Amino acid sequence: MELMIFIGLQASGKSTFFRTHFATTHELVSKDLMRNNRNKARRQAQLIEASLKEGRSVVVDNTNATVEERASIIQIGKMYGSEIIGYYFESRLKNCCDRNQLRSGKAKVPDVAIYATIKRLVRPCYAEGFDRLFYVRVAENFRFDVREWQENEVKDG
Ligand SMILES: Nc1ncnc2c1ncn2[C@@H]1O[C@H](COP(=O)(O)OP(=O)(O)OP(=O)(O)O)[C@@H](O)[C@H]1O
Ligand SMILES: [Mg+2]
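Figured I'd write up the structure that's included with this text. Nothing here was measured: the structure is a model prediction, and the numbers come from that model.

### Comments concerning the pattern of salt bridges
Taken as a whole and assessed by the stated rule, the structure comprises ten salt bridges. Here Glu83 and Arg132 are joined by a salt bridge, their closest N and O atoms 3.7 Å apart. Placement of the pair is Glu83 in strand E4 (residues 83–89) and Arg132 in strand E5 (residues 132–138), with a sequence separation of 49 residues. Classification of Glu83 by relative accessible area gives partly exposed; the value is 27%. Residue Arg132 is classed as partly exposed on the basis of its relative accessible area of 36%. Asp145 is paired through a salt bridge with Arg137; the nearest N and O atoms lie 2.9 Å apart. Members of the salt-bridge network, linked through shared partners, are Glu27, Glu54 and Arg56.

Reading the values: rules and limits
- The numbering scheme is per chain: residues are counted from 1 as the chain's sequence reads.
- As they are written, the chains are lettered A onward and the ligands numbered 1 onward, keeping that order.
- The model is predicted, so local features are restricted to residues of pLDDT at least 70 and side-chain atom pairs to those at 80 or more, both for listing and for counting; the totals for chains, interfaces and linings are taken over all residues.
- Note that the side-chain values use all heavy atoms of the structure and ignore hydrogens as well as water.
- The term salt bridge refers to a pairing of a side-chain nitrogen on Lys or Arg with a carboxyl oxygen on Asp or Glu at a separation within 4 Å.
- The helix and strand labels rest on DSSP assignments: H or I over at least four residues marks a helix, E over at least two residues marks a strand, and numbering proceeds from the N terminus.
- For the exposure calls, accessible area comes from a 1.4 Å probe over protein chains only, and a residue counts as buried if that area is under 20% of its type's maximum, exposed if over 50%, partly exposed in between.

Interpretation in functional terms is not warranted from these geometric data alone.
In structure tokens form, the structure reads like this:
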């Protein structure tokens, strides 16, 4: 059983990657799917727990920018003995703003939201409790380049 945590700026490609790679095998948990909920963190924890309890693998698709946000998710995964896998999406401000501009409707966020997230964004590391970590980059035609995480490598450069 896997608990996957996506990490990356808005428009870094997380939800697209979910659709192309995990939609048929993993439950999707995302705060974007609970716009009217007062306590999204609590609701998210409940949904993750409900899936893991039944042995279903989960993807948590938010920006998950900080160590603290990730820690509360990782803690639930450890409780149920799931493998904790992190996917960090290349988060260059310009690329993400450009892709965001091309979106429409609710998917398009104000640029200031992306600026706010990049200020909080902390790269993940194994010490947080990940069993596996990957570095994902958007490639041409809805493909993705996925590599194993190298802790000392310069990212987003
Ligand atoms: N590999 C790709 N090739 C081409 N376009 C892509 C690719 N991945 C994502 N996109 C496009 O980039 C935009 C942002 O992608 P997506 O919505 O998946 O980002 P996100 O990280 O889920 O953003 P948010 O955090 O705001 O939900 C979308 O318009 C999507 O179609
Ligand atoms: Mg998304």
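Now, onward.
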